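Take a look at the letters that make up each chain.
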Amino acid sequence: MNSLTEDLWSIILARLPLKSIITSKLVCKQWKSIVESPYFRKSLYQNLHSSSWSLLVWDDKKDVGTTLYGCEPSMGSYILSFLTNKFEIQRDKYEYTVWDYTDVGLILISEVFKKPSILINAVYVANPVSQDCIELPSHLKEYVFPLGIVTRTENGVVLDYKVVLLDFGNVNENMEISLLIYSSVTGLWSLSIVHLPSSLYYQYFYRSISLNGNLYWLNRNSDNEDVIVSHDFYATGTDSDRCRVTLFPDSGKHPKFRRGCTISQGFLMYMNVVSITKDDGSLEDKLSIWRLKSGEWQLVSEISADFINLGFDHIPVTINSVDAKTVYFWNRKHQSLVAANICNGKFVLHSELEHSGRSPNSFECFKRSDCPSFVLPQWLHLTPVRGV
């Protein structure tokens, strides 16, 4: 073994699974130096390993993401294993909730007193793959609601993050909300008063989606229309510069299914079945897919819904996080997930789905658009702390 050069060791180690690579750093100083080098991460590992992802559904009781379909081992397995190993001793007193998944592999966890269950005792940021976990300092507020976690990255590596809590004990009728924001750069909480557009129904906050330093969540405006609210937590300027309200591209129409968004290849995506007026005046159902770019919806694909008989047995679920050509549907008749390639029309039926934890009611989750996807990080970076 001593006769192998560092170049050869780099090639060998780069072919290991992600979790094995982090373990290999404990073998010797030479391996640790190789694995931590930028050349190893950028030139070898990321070229050999494509991003893997898991489709999760929310456990109705514990709000812990349960893997329905995805990579092996699944992110649901990582998360369940992490929560068990980290917090099992404290479960008699507290309940633990996974509130948010980032697009770079970090999760946001709250620790809540079982009695009274509304009070959050602690907030954690963790990487469930590396089992790395940081407890944030106390925020000194009783009634808070986690909105999410946002990150700033460079070449797939997390440079810093911010955790955002809604202070719902300080909500008023002037379209103002109070946000507690923790910065990993300063190691401190700060209070931010955000002025929301007057057109919003501001008390309606749905599960947020974290992407590129922004949080996105579903809301409704004063006309009772579905909208996407986004806030850029790294932008400078006024609230109008950082906070945006975007109508859905099919606003004013009547899509077949409840609206919901997902992430694919670094974009916020939306798909639904919409009736389109043909040249002869008749209506045709189209499966339409859009992506949000620079605050505007771009139509990515529009194909006849007849190719999968969407009106009867299939519900659109999500778009593949690393391949925007593959979309997923839930087959109600067979209780199975169906993958469809929108370019060639090929289908794959996933009849045996993994449930890493209590099996949820998948159909109800799909109706609520409660199916986040979680991408395995391209690199097993540690969670940034103050001063790093």
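Residues numbered from 1 in each chain as written. Predicted model: local features only at pLDDT ≥ 70, side-chain atom pairs only at ≥ 80, totals over all residues. Heavy atoms only, no water.

- In the nomenclature of an unreviewed UniProt entry, the protein is known as F-box domain-containing protein of Arabidopsis arenosa.

### A few points about the side chain of Thr-318
Then comes step 1: Within the secondary structure, Thr-318 is located in strand β19 (residues 314-319).
Then comes step 2: Residues contacting Thr-318, with those up to four places away along its chain left out, are Trp-53, Leu-55, Thr-262, Met-271, Val-327 and Tyr-328. (Helix = DSSP H or I, 4+ residues; strand = E, 2+ residues; numbered from the N terminus. Contact = heavy atoms within 4.5 Å.)

### Considering the sheet that holds strand β8 (residues 157-167)
Then comes step 1: A sheet is described by the order of its strands in space; here four strands give the open sequence β7-β8-β9-β10, paired in antiparallel fashion. Only two strands of the sheet have a single partner each, and these edge strands are β7 (144-154) and β10 (188-195). Ignoring strand direction, the axes of neighbouring strands in this sheet form an average angle of 25°.
Then comes step 2: In this sheet, β10 lies alongside strand β9 (residues 176-183) in antiparallel orientation, the contact comprising eight bridges. The residue of β10 that forms the bridge with Leu-180 is Leu-191. (Pairing = 2+ DSSP bridges. Axes fitted to C-alpha atoms, helices over the stretch in contact; angles between N-to-C directions.)

### Re the environment of Arg-152
Then comes step 1: Relative to the elements of secondary structure, Arg-152 occurs in strand β7.
Then comes step 2: Residues Arg-152 and Asn-212 lie 60 residues apart in sequence; the distance between their C-alpha atoms is 6.9 Å.
Then comes step 3: When near neighbours in sequence (up to four residues on either side) are disregarded, Arg-152 contacts Val-157, Val-158, Leu-159, Asp-160 and Tyr-234.
Then comes step 4: A distance of 2.5 Å separates polar atoms of two side chains, one belonging to Arg-152 and the other to Asp-160. (Polar contact = N/O pair within 3.5 Å; in protein donor to acceptor, adjacent residues only side chain to side chain.)

### Let's talk about the sheet that holds strand β16 (residues 267-277)
Then comes step 1: Ordered by their spatial adjacency, four strands build an open sheet running β15-β16-β17-β18, and the pairing between neighbours is antiparallel. Each edge of the open sheet carries a strand with a single partner, namely β15 (261-264) and β18 (296-304). For this sheet, the mean angle separating the axes of adjacent strands, direction not counted, is 35°.
Then comes step 2: One ladder, built from eight bridges, connects strand β17 (residues 283-293) with β18; its direction is antiparallel. By the bridge assignment, Leu-292 is partnered in β18 with Trp-297.

### Let's talk about helix α1 (residues 6-14)
Since there are 3.6 residues in each turn of an α-helix, residues three or four apart along the chain are aligned in direction.
Then comes step 1: Of the residues making up α1, those classed as buried are Trp-9, Ser-10, Leu-13 and Ala-14. Down the axis of α1, the sector holding all buried residues measures 125°, keeping them to one side. (Buried < 20%, exposed > 50% of the residue type's maximum accessible area, 1.4 Å probe, protein only. Arc of directions from axis to C-beta.)

### A word on the packing of aromatic side chains
Aromatic ring pairs are reported here in terms of the distance separating the ring centres and the angle at which the planes meet.
Then comes step 1: The tally for this structure, following the rule as stated, stands at 12 aromatic pairs.
Then comes step 2: Between Trp-9 and Trp-31 the ring centres are 4.9 Å apart and the planes differ by 55°, which places this aromatic pair in the tilted class. Within this pair, whereas Trp-9 is found in helix α1, its partner Trp-31 is found in helix α3 (residues 29-35), the two being separated by 22 residues in sequence. Each of the two residues, Trp-9 as well as Trp-31, counts as buried.
Then comes step 3: Ring centres 5.4 Å apart and planes at 15° place the aromatic pair Tyr-270 and Trp-290 in the stacked group. Highlighted residues: Tyr-270 in strand β16 and Trp-290 in strand β17, separated in sequence by 20 residues.
Then comes step 4: On the basis of relative accessible area, Tyr-270 is assigned to the buried category, the value being 0%.
Then comes step 5: Members of the aromatic cluster, connected to one another through ring pairs, are Phe-87, Tyr-94, Tyr-96, Phe-113 and Tyr-124.
Then comes step 6: The ring of Tyr-234 is capped by Lys-162, whose NZ or CZ atom sits 4.6 Å from the centre of that ring.
Then comes step 7: Its guanidinium or amino end placed over the ring of Phe-267, Arg-291 lies 4.7 Å from that ring's centre, counting from NZ or CZ. (Phe/Tyr/Trp six-rings, centres within 6.5 Å; stacked < 30°, edge-to-face > 60°. Lys NZ or Arg CZ within 6 Å of the ring centre and 35° of its normal.)

### Here we look at the nonpolar core
Then comes step 1: Core analysis: the biggest nonpolar cluster contains 20 residues, and Met-271, Ile-289, Val-317, Ile-319, Val-327, Tyr-328 and Leu-337 have the highest contact counts within it.
Then comes step 2: Among the secondary structure elements, those contributing two or more residues to this core are β1 (53-58), β16, β17, β19, β20 (326-331) and β21 (336-341).
Then comes step 3: Per-element tally for this core: the top contributor is β20, with four residues.
Then comes step 4: Among the nonpolar cores identified, the runner-up in size contains 19 residues, and Trp-99, Ile-120, Val-125 and Tyr-182 belong to it. (Core = buried A, V, L, I, M, F, W, Y, C linked by side-chain atoms within 4.5 Å.)

### Side note on unusual backbone geometry
Then comes step 1: At Asn-212, a residue that is not glycine, the phi angle is positive and equals roughly 50°.
Then comes step 2: Residue position: Asn-212 is located in the loop between β11 (209-211) and β12 (214-220).
Then comes step 3: At Asn-224, a position not held by glycine, the phi torsion is positive, near 65°.
Then comes step 4: As for its position among the elements, Asn-224 is in the loop between β12 and β13 (226-232).
Then comes step 5: Here Asn-224 falls in the exposed class, since its relative accessible area comes to 54%.

### Details of the pairing of β9
Remember that side chains alternate between the two faces of the sheet whenever the strand is regular.
Then comes step 1: The element β9 is largely enclosed, with a buried count of seven among its eight residues.
Then comes step 2: Where β8 lies against β9, five bridges are found, and the strand directions are antiparallel. Bridging from a neighbouring strand, Lys-162 pairs with Ser-183 of β9.
Then comes step 3: Joining the antiparallel neighbours β9 and β10 is a turn of four residues, in which Gly-187 adopts a positive phi near 75°.

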